[in-house]
Structure formats: C-alpha cells, structure tokens
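# Secondary and tertiary structure notes
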Amino acid sequence: MAKQQQTDKISIISWFMDFVSENGYHPASIDEFCDEHSITKKDFNAHFSSFKSLEKEIFYLFFFNTVNALEEDEGYANFDSKNKVLSIYYTFFENLTANRAYVLKALKSDTNGLKSLKKLKKLKKSYIAYIANLDLDRIDLGQQAIENIQVKALQQSAWVQLLIILKFWLEDTSEAFEKTDVFIEKTINTTFHLIDTKLLKSVIDLGKFILKEKKHFKL
C-alpha cells in the first residue's frame, strides 16, 4: 500500500461518488475504501461515521452549493419569492444533472423508496429551512396553533413537491432535460397561484362578515 496521507472531505466524497457511479453499489467496507485511496480510517472518520452519513452529506451539499452560488449573485437578492424558488430549482437540478450518473445509481439502487429518503434526510432539513426563510405570505387565521400547523403544512408540501420533481427528473429522457425545466416552471407557477392569499383572504373576510351580520341573511 502506498504511504498513507491526510485527506479532505471533498476528496473522500469524490472518490465515493466515482465508485458508486461506476459500480452501482458501495465499496465493500470503509477499510477497503481507505486502502484503495491510501488514507487512514481515522481520516475517513474525521468527516464521516459511515457510508450512510457520507451519502446524506452528498445530497445536502448539492443543495448547499446551489444556495451559496445564488446568494453570490447580486440579482438574486432582489428576486421575489417565486423567482427565488425557480432559481433554486433550476440551479439545483443543474447540479444534479452534472452528477447524474451518481444520483441515478444512488437513488435507483434501492427497491424500497423509503430507504432512499434516508439519504435525503439532511437535504430535507436544509431545504425546509430555506423555504421557512422565504417568509411566504400566509393567511392570518388569528390562532397561533392553527398558524403553526399552516407553516408546517406549507414546508412539508414544498418538500413533497421537490421529491415529485426529482422523481420526474430521474425518469426524464428529453434532450437537456427540457421537460424537467417545463415541469418545474408549471409546478412552481401553480403552487404560487395556490398560496396567493388575496383571493382566500377575500373569501374569509366575506365569511366573517356574514357570520357577524347573520341576522341580515336569514331567509
């Protein structure tokens, strides 16, 4: 074995992704993986406790790098919520496309769909935090408990939406994944129409007025 040396997180991730992309499965063991790349197990464990934790980090970094790249763009800060989300989606899926061989093997290797979701656990936490920071407009229902449920429902719906688009992208065979781009645009446009609270607020205000003045509405 060649002389062992210190290594960084990104190198370990790159080696792991290359192996999975080429073979469709994990290395046999961490020890074997470390021997192959002339590093110590201590070097590996300084960053990851297992291949599972490494996989979670990979999908988290796809999103982390997406957000970082956009936040360095001065124009992004001036976007409204809808265009921020569109930019995040387009850039995120560009990153996935650049690493499609790995993503396909990593997500399609599991026959149990729920098993794949464990790989996305850290990504989910980061994505939901991003959605929460957008401070999307919501209906003022006047009760904190219901408001909290509304917030959580919005965040979970956003996560399900991302998973649906991810599944579409995994199956997309169109040139340059143009169908995924169209699906993203239509999905986000529809979502923001649905959470546009102006119409709903008008309906709620009308309902409140009717309840308050119900004696005038008796037939």
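Up top you'll find the structure we're talking about.
Overview of the structure.

Definitions and cut-offs
- Residues numbered from 1 in each chain as written.
- Predicted model: local features only at pLDDT ≥ 70, side-chain atom pairs only at ≥ 80, totals over all residues.
- Heavy atoms only, no water.
- Helix = DSSP H or I, 4+ residues; strand = E, 2+ residues; numbered from the N terminus.
- Buried < 20%, exposed > 50% of the residue type's maximum accessible area, 1.4 Å probe, protein only.
- Contact = heavy atoms within 4.5 Å.
- Axes fitted to C-alpha atoms, helices over the stretch in contact; angles between N-to-C directions.
- Parallel < 35°, antiparallel > 145°, perpendicular 65-115°, else oblique.
- Nonpolar A, V, L, I, M, F, W, Y, C, P; charged D, E, K, R; others polar.
- Expected span 1.5 Å × (residues − 1).
- Polar contact = N/O pair within 3.5 Å; in protein donor to acceptor, adjacent residues only side chain to side chain.

## A few points about the overall build of the protein chain
Scanning the protein chain for helices and strands turns up 11 helices and 0 strands. Sequence-ordered secondary structure for the protein chain, helices as α and strands as β, is α-α-α-α-α-α-α-α-α-α-α. For the protein chain, buried positions account for 34% of its 219 residues. For the protein chain, long-range pairs separated by at least 24 residues make up 69% of all intrachain contacts whose partners lie at least 6 apart in sequence.

## Some details on the packing of helix α1 (residues 9-23) against helix α4 (residues 51-71)
Packing of α1 against α4 leaves a shortest axis separation of 11 Å and a crossing angle of 100°. Taken together, the axes of α1 and α4 lie roughly perpendicular to each other. Residue-level inspection shows Lys9, Ile10, Ile12, Ile13, Phe16 and Met17 of α1 in contact with α4, the latter providing Phe51, Leu54, Glu55, Glu57, Ile58, Leu61 and Phe62. In terms of residue class, the contact of α1 with α4 is built from 10 nonpolar, no polar and 3 charged.

## Brief notes about α4
Relative to the 30 Å expected for 21 residues at 1.5 Å per residue, α4 spans 30 Å between its end C-alpha atoms, a close match to the ideal helical length. The N-cap of α4, judged by a side-chain oxygen 3.3 Å from the amide nitrogen of lysine 52 a few residues on, is serine 50.

## Section: unusual backbone geometry
With a phi angle near 55°, serine 38 is a residue other than glycine that sits in the positive phi range. Within the secondary structure, serine 38 sits in the loop between α2 (30-36) and α3 (41-45). The backbone phi angle of alanine 176 is positive, close to 55°, even though this residue is not glycine. On the secondary structure map, alanine 176 appears in the loop between α9 (144-171) and α10 (178-194). On the basis of relative accessibility, which here comes to 67%, the residue alanine 176 falls in the exposed class.

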